Structure formats: structure tokens, C-alpha cells
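Read off the chains here:
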Amino acid sequence: MDLSRLKFTKTHEWILVEGKKATIGVTDYAQHEMTDIVYAELPKTGQQVEAKQECATLESVKSVFSVYAPVPGRIIEVNEMVVSDPSRINSSPCDDGWLWKMDVKDEKESDSLMNLEQYNDFIHTKGQQK
Amino acid sequence: MIGHTDEERAKMLAEIGVSSFEELIQNVPESIRLPRISGFSSLTEQEICSYLTELENLNRKASDSICFLGAGAYDHYIPAVVDEICSRSEFVTAYTPYQAEASQGILQALFEFQTVVCELLGMEVANASLYDGASSLAEAVLLAARHTHRKKILISSTVHPLWREVVRTYLIGSGVELTEIPANEGVVDKNRIQELLTDSYAAVALQSPNFFGCLEDWSEVSSIVHNAGALFIAITNPLASGILKSPGDWGADIAVCEGQPLGIPLSFGGPYLGILAVKQELMRQIPGRIVGMTKDVNGKRAFTLTLQTREQHIRRARATSNICMSQTLMALSALVYLCAVGKKGIHEVGMMNIERSHTARDRICAVDGWKAMFSQPFFNEFVVRCPGDPLKLAEYLSTRGIIGGLPLASYYSEPEYKNGVLFCATEKNTAANIDKLVSTLRECT
């Protein structure tokens, strides 16, 4: 995945918008922080969601994490491969480890989100705050 | 315990701006305030003990009466081995240990409890127990709402009335609504399930043996419920499950029981035992603790609390439940009871319950004016129509050392149940007991 095509949220989701279709996953930073993911609960297809609505739950050996919708839309597909093998999220968070796809109104929906450079700055500052 | 001094009380009252303790509690109605017990300060320890013993003796115990009362709590024989094992010092501990894995013995017992529960109920995953049957049902209802993202529940009016009350209490503020399915001839009206059920319902909760003691025929229920995308919650009596079709056999998604019939004595207010078991796909939605079996670093068998990410200490507000403990000592009693009686024993106990209760019903119905209310098959409880006032009858029986039966009118306001009396007969109700009940009924009717 060419990361420069992605947009990012403060809650560490990435989104790839192609026309009226978007793919969502969690960032490499997020999977690293979560440690080994052992269970993924994904949304139901057909479900209409708002931006920042909790859509998926990832469970690691350490804890449980929520994944939120970066933009509003309708869930059209979920990645069954990560349900059967959640470790894909650790090994390939931005490719094989995508979580769900959704219909979005248009590409502009993700305009307000961070680009790669901004996101890298964001996690860098966050790291320093620690 | 060190009590507060008058000075400390005055300081606290001043802090919150009230002048006296009486002013603080002025909104609490007089009628529910605890009366002051006078003279206690001048009693010696010995005097207090004899006073309390006197009070205790005012209680009527099932053990020194003949008990024909069931309705949710049952008088069964408890083999001596149950107390013997449960009172071993290794098991006498607070509830689930905090440094859980240091207590392999307790964890193994709970793991075995979960295993026997699954075998008995025909389910795949059980937790390490909950408070009691009623709260387990409430948890099952919340589980179904969570899993299906739906906010409506159908519950049979043949489910224990107090259990339904507990569920209603749990649902306050949850946005989940309860709709009751009417009964027909003492069992849930299956046609009404189909009529009422839409795709906005999360679950259908049924009980068999139900509150009236009747066994319900649940064939086709699971497909009706599943076709609507809902879950089937089956409530049963664990002893009956040893001899009749289990919740798993009926295609239930969640099984709920009050575990008291399994070696736990009758006591006012418990402790009793909540049993909850589910199908594999609902495993991560279960409330409470789950013990798992695994291997330690040396490859040796070890037990551990597992799937804790469901629980409050990790998931906080989003935990599956705020129940994060179990009724360990009661679960242990149930485990020892089931192991002691075994597969053959539980079948025998079940058969004895059926025989005794059927004898009791036939003998009662042979008394002038007494009639069976329903013609359904039953396990160890049944409803009969009393020719007089059921409340007066219960009072009279009580003066003759007999506890029960329960006037149905206390729980059901419909006129058809007005003269109904619910009796229970277990393996403890010998032929002599039944004779005494029947002759006493003759005296008063």
C-alpha cells in the first residue's frame, strides 16, 4: 500500500477513499501498540454508521480496542480473512489486514482527516508527551 | 467495627447542612424505618445470644416440616459428601481468588463445574456461575440484546413471576423492552410466539418445567425464533434436564437455570446459584468469569481465568456485564452433587420426582372438590384447584406442620388462576408425607 494515498484519524484508523468507496483499517502504529491481536469483531454489512461511531472491536493479549468509522456511510463488505486469522492485522495492517469497506457520499468526506505527514507528526508528538 | 462518636455525627451533619439525623432521614417513610431495639446496650453477650436464638426459632424450617412448596426453590436431599467436600479448608475462601492462578484447586473445580453444566444442558460454553437463576436470566436477556443489536424481548408469562420482575429491574434504563407471551392451558401459547415475533426482537425466553410445573413442547420453537434472527433463551430446572430434553436438544442459544436443586440447601435470600451456558458463537458475550484449561511454561496442565477482556477490570464501561464474580462455593456444591449422583443417579432422582409428584397429584385430586388445573405433563410441580380459599388453606396446613402449596393468586391476577394452588413433591416427600398432606386436606375441605 502506498501510504500517501491514505488519510488518518486521531484514533489511529486509516482510510482509503476511491470514488464512492472507502476501505478502513488500523495503522501500523496502532497494531504495534495493541500487541498480538487474537480476535476481531467486525460490523455487519448493510449497517449505516456515523463518523466516529464504534464499528469494530479488536482484542489483543493485552486489552480490547475500539475501531471507529472515520467518515459516515454504509458498511458494504467486511474482511472475513482477519476474522479467521486476526494476526494479519499485526503483520499487514494496511494491506491484508484491512477491516471493512463502506459506501461514502464522495471523496471530500475524508478531507478534514490527517495526511501521512500530519499523522506521523501526530504520533511523534504523542510519543514525546509520554 | 468502631461506631461513630456523637461529635463525629454532629460534624458530618453540619457539613451537609442538616441539623439532626431525624432531619436527614425525613424523606424515608416511617413505615419502612427499622424500629429501634431498646435495651440492647444493657444486655450481656449471653443474653444477646439467647435473645437472637429466640428470634431464630420463630423461623419455620423446611427441615423440621413437611415441605410441599417449590416455586423456584426446592427441598431436595443433599448427600453428606457435598458438605464434607465443600467444607474442606482448601475450598473455604473468598469468592474467585484475586491471584487466581495461584489457586489451581479452585480453578480446576470451576472448570469441571463449567464442563458438567455444559454436559447437563447440552450447551458449549458455561461461565463459572452467577448469583442466581433470576439474575442469570436478566444477563441472558442483556446478552441477546447486545448480540443482535435489538431492543425487544419476548418472554413467556409462564416464566417465574419473580424472575420476570428481576429482568424488568435489570432493564430499567437499558432501553430494552419486555413483551409477555400469554399462556394457554398452563403452557406458553406457541401460536402467539409466531404472531408477536418480528425482526425487531432480540430473544424469546421460555421456561420448562415452567412456573406452573408444566413441561412445554418446544418443537419448532428454535426455527421460528432463528428465522426472525432472534436468540432462543431456554430456562430449565437442572435436575429435570438430567432426564428430559436439554436446552441444547431444543436448539436453544442460551440456557439459564437456578442451580439450587443441585445440592444447595433452602435458605431465605440465598446464597443460590446462577447457571448460564451458551452456544460457542456467543462465547465472547458471556457475563462473568470463565475458567480455561491450558499448559504452563513447562508443558503441564494448568487452569486460568480466560477471555477476561469481556470483563469490567479490562473493558470498563463496555464490559459484557458489571458482574465479575461467581458464586464459587455454591458452584462447588453443585459440582460435588452432580459427581456424587452421576449420570445414573440424576436419572433416578428425576424419576423419583416424577413418581412422587404424580402420586401426590392423583391423591389430592381424589379428595372431594379438588381438581387438577392443567392436563399438561409435569416434572415435580403441579397446580390444583382448591375448593376453598387457597390463602386460608396454606395457613391451615402450616399449623399442621406442612409448608405449601402456594396460592397462584399471589402472582397471577387473572380470575382463572384464582383457586389455583401450586404444589411440589420431590424425592423427600415420602408416601407417609403424602398421606399426611391428603388427610390434612380432607380435614379442612
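Criteria and cut-off values
By convention here, each chain's residues receive numbers from 1 onward along its written sequence. Here the convention is simple: chains get letters from A, ligands get numbers from 1, in the order in which they are written. Restriction of local features to residues with pLDDT of at least 70 applies here, the model being predicted, together with a cutoff of 80 or more for giving and counting side-chain atom pairs; totals for whole chains, interfaces and linings are based on all residues. To get the side-chain values, take all heavy atoms of the structure and skip hydrogens and water. In the sections that follow, a salt bridge refers to a side-chain nitrogen of Lys or Arg positioned within 4 Å of a carboxyl oxygen of Asp or Glu. For every residue, the accessible area (1.4 Å probe, protein chains only) is compared with the maximum for its type, and the residue is labelled buried under 20%, exposed over 50%, or partly exposed between those bounds. Comment: elements are numbered from the N terminus, with helices defined as DSSP H or I runs of at least four residues and strands as E runs of at least two. In this description, a line fitted to the C-alpha atoms serves as the axis of each element, helices being fitted only across the stretch in contact, and the angle between N-to-C directions of two axes falls anywhere from 0 to 180 degrees. Any angle that falls under 35 degrees is termed roughly parallel, while one over 145 is termed roughly antiparallel, one within 65 to 115 roughly perpendicular, and all others oblique. With the far helix as reference, a near helix turned anticlockwise by less than a right angle produces a left-handed crossing, and one turned clockwise produces a right-handed crossing. Contacts were defined at the residue level, with two residues in contact if any of their heavy atoms lie within 4.5 Å. Any residue outside Ala, Val, Leu, Ile, Met, Phe, Trp, Tyr, Cys, Pro, Asp, Glu, Lys and Arg is labelled polar, Gly included; the first ten of those are nonpolar and the last four are charged. Planes of paired rings set the category: under 30 degrees apart is stacked, over 60 is edge-to-face and the rest tilted, where pairs are Phe, Tyr or Trp rings (Trp by its six-membered ring) whose centres lie within 6.5 Å. Here, a charge over a ring is recorded when the distance from Lys NZ or Arg CZ to the ring centre is within 6 Å and its angle to the ring normal is within 35 degrees. Side-chain atoms alone can form a polar contact between residues adjacent in sequence; in general such a contact is a pair of N or O atoms within 3.5 Å, and within protein one must be able to donate a hydrogen while the other accepts it.

1. Describing the pattern of salt bridges
For the coordinates displayed, the defined rule picks out 18 salt bridges over all chains. Across the pair Arg88(A) and Asp96(A) runs a salt bridge, and its minimum N-O distance is 3.9 Å. For Asp96(A), a relative accessible area of 44% translates into the label partly exposed. Of the charged contacts in the structure, one is a salt bridge between Asp75(B) and Lys428(B), with a shortest N-O distance of 3.1 Å. Here Lys428(B) lies in the loop between β17 (420-424) and α14 (431-444) and Asp75(B) lies in the loop between β1 (66-67) and α4 (80-86), a separation of 353 residues in the sequence. A residue is classified by how much of its surface remains accessible, and Lys428(B), at 31% relative accessible area, is partly exposed.

2. Topic: the packing of helix α13 (residues 390-399) of chain B against α14(B)
All names here are of chain B. One can describe the packing of α13 onto α14 by two numbers: an axis separation of 10 Å at closest approach and a directional angle of 125 degrees. Judged by the inter-axis angle, α13 sits oblique to α14. The element α13 and its partner α14 pack so that their crossing is right-handed. The residues of α14 that touch α13, namely those facing Leu 393, Tyr 396 and Leu 397, are Leu 437, Thr 440, Leu 441, Glu 443 and Cys 444. Across the contact of α13 with α14, the residue classes break down as six nonpolar, one polar and one charged.

3. Concerning the packing of aromatic side chains
Going through the model one piece at a time under the given rule, you end up with 15 aromatic pairs over all chains. Note on Phe211(B) and Tyr412(B): the rings are 6.0 Å apart at their centroids and 40 degrees apart in plane angle, and the pair reads as tilted. Pair noted here: Phe211(B) is in the loop between β7 (201-207) and α9 (221-227) and Tyr412(B) is in the loop between β16 (406-407) and β17, with a separation of 201 residues, a long-range link. Linked through ring pairs, Phe211(B), Phe212(B), Phe374(B), Tyr411(B), Tyr412(B) and Tyr417(B) together constitute an aromatic cluster. Positioned above the aromatic ring of Trp98(A) is the side chain of Lys101(A), whose terminal nitrogen or guanidinium carbon lies 4.4 Å from the ring centre. A cation over an aromatic ring shows up here: Arg284(B) above the ring of Tyr39(A), its NZ or CZ 3.6 Å from the ring centre.

4. Here we look at the environment of Thr27(A)
Residues and elements named next belong to chain A. Summarising the element assignment, Thr 27 is placed in the loop between β3 (21-26) and α1 (28-34). Assessed through its relative accessible area of 2%, Thr 27 is described here as buried. Considered as a pair, Thr 27 and Leu 99 are 72 residues apart in the sequence and their alpha carbons are 11 Å apart. Apart from the residues within four sequence positions on either side, Thr 27 is in contact with Phe 8, His 12, Glu 13, Trp 14, Pro 93 and Tyr 119. Looking at Thr 27, its side chain comes within polar contact range of the side chain of Tyr 119, at 2.7 Å.

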